[in-house]
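For reference, the chains in residue letters:
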Amino acid sequence: MDDKLIKNADAVYRIAEQKAEHYLKTLHKQVSEKTFVTTLMKDIESWKHNHIHRPSLFPFLLRRKRQKTTPSDYHHYIQWLDATDKLDHYLDRSISYIYMRDLGKPLDTAETKVSVQRAVDSLKRYLKNNRKEQTDMFSMSKLYRWAQKENIEATVIWVVNKLKIVSDHIPYGMDAEQAKRKVMKIIAGVIMHVMEEMDDCLSPKQRAKQLDVAIRLGYSYGLTYPFIDDLLDANILSDEEERRYTDLIRTTLITGAVPELGDWTGDNADLIRFIHTELREAFEYIQVHQKQETKKKFFEQSYLFFQSQELDRKKDLANPNYKNEELFIPIILKSAASRMIARSLISAPTDEGFDNRTFYYGIYNQLADDFADMFDDLEEGAVTPYTYYMTYHEKRSDLINPFELYWTVISHLIHNVYHSDHKTREVGQ
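Numbering of residues starts from 1 in each chain and follows the order in which that chain's sequence is written. Given that the model is predicted, a residue must reach a pLDDT of at least 70 before its local features are reported, and side-chain atom pairs must reach 80 or more before they are shown or counted; all residues, however, enter totals for whole chains, interfaces and linings. Only hydrogens and water are set aside when side-chain values are computed; all heavy atoms of the structure are taken into account.

Moving on: the overall build of the chain. Every helix listed is a DSSP run of H or I at least four residues long, and every strand listed is a run of E at least two residues long, numbered separately from the N terminus. Scanning the chain for helices and strands turns up 20 helices and zero strands. Partly exposed describes any residue whose relative accessible area lies between the buried limit of under 20% and the exposed limit of over 50%, with all areas from a 1.4 Å probe on protein chains only and scaled to the type maximum. Split into buried and exposed, the 429 residues of the chain put 52% on the buried side. In this analysis, two residues are considered to be in contact whenever any of their non-hydrogen atoms come within 4.5 Å of each other. Within the chain, contacts between residues separated by at least 24 positions form 73% of all contacts whose residues are at least 6 apart in sequence.

Below is the structure:
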């Protein structure tokens with residue numbers, strides 16, 4: 001292997017940064033001219049006629065951050081939708097949103113419409129045929145039944161055991177359940193990508209093999225969230241440990257090889273040794289299953305994600321001098337790269353449409369998440385576009401208003417990225 005898989009990491013980042021700068025300028029212009037206001041007013045007017053009180057899966061999940069939603073609540077809501085003949089519409093919008101957000105699909109193509117309808121029909125059958133079990137929508141028993149149906153019981157048992165081990169090693173100061181949920185979410189996303197690319201003519205054995213690899217790849221990638229992102233955010237490592245750890249990760253992504261850990265002393269030595277072993281095992285699994293033609297893209301996207309996260313993480317809310325570019329460009333890059341990684345992870349063929357849609361869509365997800373966490377972030381002193389604007393907007397008239405930018409992004413996506421497609425307008429409500 002060459003000493004460097006990514007020949008010039010700085011150049012890779014700068015090229016992506018230039019694309020993000022251009023995107024930010026486009027959005028800033030629309031914010032300044034307030035063009036999004038009249039456009040969205042017309043869209044909202046058209047949405048009124050088919051409005052459902054809990055309009056899509058996304059707002060429903062967002063609300064769960066602020067109030068505890070039980071499986072029973074969800075079951076009653078599904079019953080209400082079915083009784084009022086709104087279940088089909090709800091499922092269609094929710095699944096369409098997932099196709100647009102997680103799979104980077106345009107909703108106006110015949111292929112996507114067929115896939116969405118197939119998923120809606122399958123989920124509706126499941127909901128109607130399992131009414132008594134809906135109070136436990138995501139139980140282990142259901143997971144194992146799915147595994148039996150797909151002939152991957154051993155894989156599911158393996159990943160459940162791995163998640164238990166990871167959870168047991170989450171240090172004090174981090175949320176073990178949250179860490180496990182993040183990994184499971186990544187696994188689900190990779191499975192969705194694999195199933196979307198899967199040939200309908202595969203034999204049950206071939207299908208099981210692809211799902212087995214998808215679960216293991218998803219776990220291997222998902223492990224980076226608790227053991228890199230969350231760990232570095234939690235201020236558990238000392239400054240010296242953090243420097244050594246980030247250098248180790250950066251070297252791995254640039255060279256394509258995991259360096260030896262070497263001597264590591266201090267309070268976190270056992271933790272770091274465990275993490276190094278687990279991440280190296282996961283990294284080597286990904287390496288083995290990467291096709292040569294997609295390997296470089298996977299590492300470049302991983303590096304973009306890591307580097308933009310690092311720039312974001314080092315910001316200090318007490319600093320009154322950050323420029324708009326410093327606040328927004330890293331989140332444009334990290335939110336796009338995190339989803340591009342999932343597709344390159346499975347060595348899917350190059351899809352320029354997916355790349356462009358995912359790049360422009362990412363900031364919407366990030367702004368929505370940051371808005372939901374705004375008050376917690378303020379309390380913790382974290383720098384996000386919202387916390388920084390709320391702290392300094394009275395002194396800094398040059399700052400982009402992230403609340404206005406959020407609506408601008410929605411308008412831009414609907415009308416410029418998805419070409420005013422009716423279905424996209426409905427799902428984006």
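Following the sequence through the fold, Pro259 ends up in the loop between helix H12 (239-255) and helix H13 (269-288). Using a relative accessible area of 24% as the deciding quantity, one classes Pro259 as partly exposed. Separated by 17 residues in sequence, Pro259 and His276 place their C-alpha atoms 9.6 Å apart. Setting aside anything within four residues of it in sequence, one finds Pro259 in contact with Leu248, Thr251, Thr252 and His276.

On to empty space enclosed by the protein. Put simply, the grid is 1 Å and covers the protein atoms alone, a cavity is a trapped set of points that fit a 1.4 Å probe, a pocket is an open set with protein on both sides within 12 Å along at least five of seven lines, and lining residues have an atom within 4 Å of a point. Grid points are joined across faces, edges and corners, and a volume is the space filled by probe spheres set on the points. The final tally for this structure, using the stated rule, is four cavities of 30 Å³ or more. Its boundaries defined by the atoms lining it, the largest cavity holds a volume of some 410 Å³. Lining the largest cavity are 23 residues, and of these Thr224, Ile228, Ile249, Leu253 and Phe283 lie nearest its centre. If you list the elements that add at least two residues to the lining of the largest cavity, you get helix H10 (204-222), helix H11 (224-233), H12, H13 and helix H14 (292-313). Per-element tally for the lining of the largest cavity: the top contributor is H13, with seven residues. Ten residue types, Ala, Val, Leu, Ile, Met, Phe, Trp, Tyr, Cys and Pro, are classed as nonpolar, four, Asp, Glu, Lys and Arg, as charged, and the remainder, Gly among them, as polar. Looking at side-chain class alone, the lining of the largest cavity contains 16 nonpolar, five polar and two charged residues.

With that settled, the discussion passes to the confidence of the model for the chain. The quantity called pLDDT is the predictor's confidence in a given residue, expressed from 0 to 100. When pLDDT is averaged along the chain, the result is 86, and 89% of the positions lie at 70 or above. In the model, residues 52-66 has pLDDT below 50 throughout and makes 33 contacts with residues more than four positions away in sequence or in other chains.

The salt bridge definition used is simple: a Lys or Arg side-chain nitrogen within 4 Å of an Asp or Glu carboxyl oxygen. Following the criterion strictly, the structure yields 29 salt bridges and no others. The salt bridge partner of Arg243 is Asp247, with a shortest N-O separation of 3.1 Å. Pair noted here: Arg243 and Asp247 are both in helix H12, with a separation of four residues, about one helical turn. Classification of Arg243 by relative accessible area gives partly exposed; the value is 41%. Among the ionic pairs, Asp312 bridges to Lys315, the shortest N-O distance being 3.0 Å. Judged by relative accessible area, which is 12%, Asp312 ranks as buried. On the accessibility criterion, Lys315 (12% relative accessible area) is buried.

This part covers unusual backbone geometry. Its identity as a non-glycine residue notwithstanding, Asn151 has a phi of 60°, on the positive side. Of note, Ser347 is a non-glycine position whose phi angle comes to about 60°, a positive value. Mapped onto the fold, Ser347 is located in the loop between helix H15 (324-345) and helix H16 (352-372). By relative accessible area, Ser347 is classed as buried at 9%.

What follows deals with the packing of aromatic side chains. Under the pairing criterion, centres of Phe, Tyr and Trp rings, with the six-membered ring standing for Trp, must be within 6.5 Å; the plane angle then separates stacked pairs below 30 degrees from edge-to-face pairs above 60, leaving the rest tilted. If you walk through the whole model with that rule in mind, you get 18 aromatic pairs. Residues Tyr221 and Tyr225 carry aromatic rings whose centres are separated by 5.9 Å and whose planes lie at 65° to one another, so their mutual orientation is edge-to-face. Judged by its relative accessible area of 14%, Tyr225 is buried. Between Phe227 and Phe274 the ring centres are 5.9 Å apart and the planes differ by 90°, which places this aromatic pair in the edge-to-face class. Taken as a pair, Phe227 in helix H11 and Phe274 in helix H13 lie far apart in primary sequence, 47 residues in all. Overall, Phe274 belongs to the buried group, its relative accessible area being 15%. Grouping aromatic residues by their ring pairs yields a cluster made of Tyr361, Tyr364, Tyr406 and Trp407. When the NZ atom of lysine or the CZ atom of arginine is within 6 Å of a ring's centre and also within 35 degrees of its normal, the charge is said to sit over that ring. The ring of Tyr360 has Lys19 sitting right over it, with the charged end atom 5.9 Å from the ring centre. Across the ring face of Trp158, the terminal group of Arg216 is positioned such that the distance to the ring centre comes to 4.4 Å.

Attention shifts here to the environment of Ile95. In this fold, Ile95 is placed in helix H5 (residues 87-101). Contact partners of Ile95, with chain neighbours within four places excluded, come to Val116, Ala119, Val120 and Leu123.

Within this scheme, the nonpolar core is defined by two criteria: the residues are buried Ala, Val, Leu, Ile, Met, Phe, Trp, Tyr or Cys, and they are joined through side-chain atoms within 4.5 Å. Core analysis: the largest hydrophobic core is formed by 120 residues, its most contacted members being Phe227, Tyr245, Phe328, Ile363, Leu367, Leu405 and Val409. Per-element tally for this core: the top contributor is H15, with 11 residues. With near-sequence residues (within four places) excluded, Tyr245 lies in contact with Phe227, Ile228, Leu231, Leu232, Leu237, Trp264, Ile272, Ile275 and Leu279.

Moving on, we get to the packing of H11 against H14. Interaxial angle, 0 to 180 degrees, is taken between N-to-C directions of lines fitted to C-alpha atoms, where a helix line uses only the stretch in contact. At their nearest, the axes of H11 and H14 sit 11 Å apart, and the two run at 15° to each other. Between H11 and H14, the crossing angle belongs to the class labelled roughly parallel. As for how H11 packs across H14, the hand of that crossing is right-handed. Across the interface between the two elements, Tyr225, Ile228, Asp229, Leu232 and Asp233 of H11 pack against Phe305, Gln309, Glu310 and Arg313 of H14. For the contact of H11 with H14, the class distribution of residues is four nonpolar, one polar and four charged. Working rule for angles: under 35 degrees goes down as roughly parallel, over 145 as roughly antiparallel, 65 to 115 as roughly perpendicular, anything else as oblique. In a left-handed crossing the near helix is turned counterclockwise from the far helix by less than a right angle, and in a right-handed crossing that turn is clockwise.

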